[in-house]
Amino acid sequence: MDKITTLIGLSFAIFFLIGLATTLTKSMMIGFLDVLPVYILMAAAIMMMIYEAFFDKD
């Protein structure tokens, strides 16, 4: 039950972050290179969330 809850919460957070990053690319005035730091930060945040949720068991 704990793994299912973690997986559901993690998927909601990941979908939110991906949706937030992709809304920036919909504007005509914002290019890909302008949004690239946002993608890098979102990828780092997603990797840290996954690591903390599943692999960091001290």
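Shown above is the structure to which this text applies.
Below or above, wherever it landed, is the structure these notes cover. Keep in mind that what you see is a predicted model, and the values were worked out from it rather than measured. (Residues numbered from 1 in each chain as written. Predicted model: local features only at pLDDT ≥ 70, side-chain atom pairs only at ≥ 80, totals over all residues. Heavy atoms only, no water.)

1. A few points about the overall build of the protein
Alright, step 1. Along the backbone of the protein there are two helices and zero strands.
Alright, step 2. For the protein, whose C-alpha radius of gyration is 14 Å, the value lies well above the compact-globule estimate of 10 Å for 58 residues.
Alright, step 3. In terms of overall dimensions, the protein has a C-alpha envelope of 45 × 20 × 5 Å along the principal axes.
Alright, step 4. Residues classed as buried in the protein amount to 14% of the 58 residues present. (Helix = DSSP H or I, 4+ residues; strand = E, 2+ residues; numbered from the N terminus. Rg over C-alpha atoms; globule rule 2.2 N^0.38 Å. Buried < 20%, exposed > 50% of the residue type's maximum accessible area, 1.4 Å probe, protein only.)

2. Some remarks on the packing of helix 1 (residues 2–24) against helix 2 (residues 32–55)
Alright, step 1. One way to put it is that helix 1 packs onto helix 2 with a least axis distance of 10 Å and a crossing angle of 175°. As judged from the angle between their axes, helix 1 and helix 2 are roughly antiparallel. When helix 1 is examined against helix 2, the residues Lys3, Thr6, Leu7, Leu10, Ala13, Ile14, Leu17, Ile18, Leu20, Ala21, Thr22 and Leu24 are found in contact with a partner set consisting of Val35, Val38, Tyr39, Met42, Ala45, Ile46, Met49, Ile50, Ala53 and Phe54. (Axes fitted to C-alpha atoms, helices over the stretch in contact; angles between N-to-C directions. Parallel < 35°, antiparallel > 145°, perpendicular 65-115°, else oblique. Contact = heavy atoms within 4.5 Å.)

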